[in-house]
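Structure at a glance
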Amino acid sequence: CRQYQPRLQVVARVLLGPALRPTLDSMDLVQSVHRSLLVGIRAEKFDISTPENLVALALTLLRRKVARHWRRAQR
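These notes cover the structure that comes with them. (Residues numbered from 1 in each chain as written. Predicted model: local features only at pLDDT ≥ 70, side-chain atom pairs only at ≥ 80, totals over all residues. Heavy atoms only, no water.)

1. Focus: the overall build of the protein
- Counting secondary structure elements, the protein contains three helices and zero strands.
- Put simply, the protein runs from its N terminus to its C terminus through helices and strands in the order α-α-α.
- Its C-alpha atoms give the protein principal-axis dimensions of roughly 35 × 25 × 15 Å.
- Excluding contacts between residues fewer than 6 apart, the proportion of contacts in the protein whose partners are at least 24 apart in sequence is 62%.
- Put simply, the protein shows about 5,400 Å² of open surface, and 51% of that area lies on carbon and sulfur atoms. (Helix = DSSP H or I, 4+ residues; strand = E, 2+ residues; numbered from the N terminus. Contact = heavy atoms within 4.5 Å. Areas by Shrake-Rupley, 256 points an atom, 1.4 Å probe, with all protein chains shown as cover.)

Right, dumping it as structure tokens:
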């Protein structure tokens, strides 16, 4: 987690942009991604054979979480 956390946080800040940044903290979002990863790994939902796969999965989860928050904000 320590290796890819800074990268996730930068991507989170960029994805949140000025519209969502006041309502959602990028660090909270990254922690939510970590939690989802841990739950999925424990349940054997994810096949993570390389560190690159782990980072790619984390970035995908991050994008989906930001999109979900954006849809909620639009309502």
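2. Looking at the packing of helix H1 (residues 5–20) against helix H3 (residues 51–74)
- Across the interface, H1 lies against H3 with an axial gap of 10 Å and an inter-helix angle of 15°. Classified by the interaxial angle, the pair formed by H1 and H3 is roughly parallel. Between H1 and H3 the crossing geometry is right-handed. Every residue of H3 that contacts H1 at Arg7, Leu8, Val11, Ala12, Leu15, Leu16, Ala19 and Leu20 is listed here: Val55, Ala58, Leu59, Leu62, Arg63, Val66, His69, Trp70 and Ala73. (Axes fitted to C-alpha atoms, helices over the stretch in contact; angles between N-to-C directions. Parallel < 35°, antiparallel > 145°, perpendicular 65-115°, else oblique. Left-handed = near helix turned anticlockwise from the far one by under 90°.)

No statement about biological role is implied by the geometric values presented.
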